[in-house]
Amino acid sequence: MKTKFIFITGGVVSSLGKGIIAASLAKLLQARGLRVTIQKFDPYINIDPGTLNPYEHGECYVTEDGAETDLDLGHYERFLGVYTSKANNVTTGKIYHTVITREREGAYLGKTVQIIPHITDEIKRRMLLLGQSGEYDVVLTEIGGTVGDMESQPFIEAVRQLQWELPEDSCMSIHLTLVPYLAAAKEIKTKPTQHSVQMLQQAGVKPDIIICRSEHPLSEDLRRKIALFCNVRPGHVIESLDAWSIYQVPLNMHREHLDELVVRKLAIENFDQPRT
């Protein structure tokens, strides 16, 4: 089976739990017998988070090969029970460092080095790198930050290009947004999600699944409303309620049929049910 690629983006606000959602989906796919890995692309210009203030950015997670990486890689390892490496965490700083080093070496043969195609080509190369090893059936890529951030634009553009370059059944996009509850109005508001998805679509990326982080359950009417204005099927709008433990999230996502939707979209055969 050719490697499948899943891209996970976020909108509205940061810290919604893209890393936990990515790890949860990966665990569900792993439970179906698939070989899965996850990688994190961070938009900051630091080469790695080793020099970042942990109070501002969170803990620095050190992988088996000694790489200083984003804390989400710790979630990946704990959920999947497999090691990650320096290839699983890429920053804007690493991308630009690689491209500028190549330019200094004359690798571009005097061409004008630009964000498109040179930066986006390097991003795409790194996104596909783990899938080329033959070790994985599915590679999940979490894009740090939120849609609309200036620093995230090259990563979103790379995803847009890959959606056209990869076979239709080898690539999909999942968007995580906030559906807030306004106590004064006693209502759940879908407008932030609508705006977030519109910004993603304006960048050329159409999400296949929308995951809505919420404090309260979403009614069927709200799901249909989000589906209508965000141009997805009603069954592809999934709620992600606040959980008492991060290890409850995979169970919640399974009840929402997230892994089933992914298997169908990516035309993954013979992995219809979780293996026990």
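Residues numbered from 1 in each chain as written. Predicted model: local features only at pLDDT ≥ 70, side-chain atom pairs only at ≥ 80, totals over all residues. Heavy atoms only, no water.

Bringing the packing of helix 7 (residues 191-202) against helix 8 (residues 220-230) into the picture now. Where helix 7 contacts helix 8, the axes come no closer than 10 Å and their chain directions differ by 25°. If you check the angle between helix 7 and helix 8, you find them roughly parallel. You can see that helix 7 and helix 8 cross each other, and the crossing is right-handed. For the pair helix 7 and helix 8, contact is made by T193, Q194, V197 and Q201 and by K225, I226, F229 and C230, respectively. (Axes fitted to C-alpha atoms, helices over the stretch in contact; angles between N-to-C directions. Helix = DSSP H or I, 4+ residues; strand = E, 2+ residues; numbered from the N terminus. Parallel < 35°, antiparallel > 145°, perpendicular 65-115°, else oblique. Left-handed = near helix turned anticlockwise from the far one by under 90°. Contact = heavy atoms within 4.5 Å.)

We now examine the pattern of salt bridges. Summed over all chains, the structure comprises 19 salt bridges. The salt bridge partner of R32 is D259, with a shortest N-O separation of 3.0 Å. A residue pair is termed long-range when its members are at least 10 positions apart, and R32 in the loop between helix 1 (18-31) and strand 2 (36-42) and D259 in helix 10 (residues 258-265) qualify at 227 residues. There is no split in this pair, since R32 and D259 are both buried. E122 is the salt-bridge partner of R102, the closest N and O atoms lying 2.9 Å from each other. Note that R102 is positioned in helix 4 (residues 92-104) and E122 in helix 5 (residues 115-129), a separation of 20 residues in sequence. Residue R102 is classed as partly exposed on the basis of its relative accessible area of 28%. Here E122 falls in the buried class, since its relative accessible area comes to 2%. (Salt bridge = Lys/Arg side-chain N within 4 Å of Asp/Glu carboxyl O. Buried < 20%, exposed > 50% of the residue type's maximum accessible area, 1.4 Å probe, protein only.)

So, about the packing of aromatic side chains. Taken as a whole and assessed by the stated rule, the structure comprises 2 aromatic pairs. Measuring from centroid to centroid gives 5.9 Å for F41 and F155, while their planes differ by 75°, and the two rings are edge-to-face. Here the residue F41 occupies a position in strand 2, and F155 occupies one in helix 6 (residues 153-165), the gap between them amounting to 114 residues. Residue classification places F155 among the buried positions, given a relative accessible area of 2%. (Phe/Tyr/Trp six-rings, centres within 6.5 Å; stacked < 30°, edge-to-face > 60°.)

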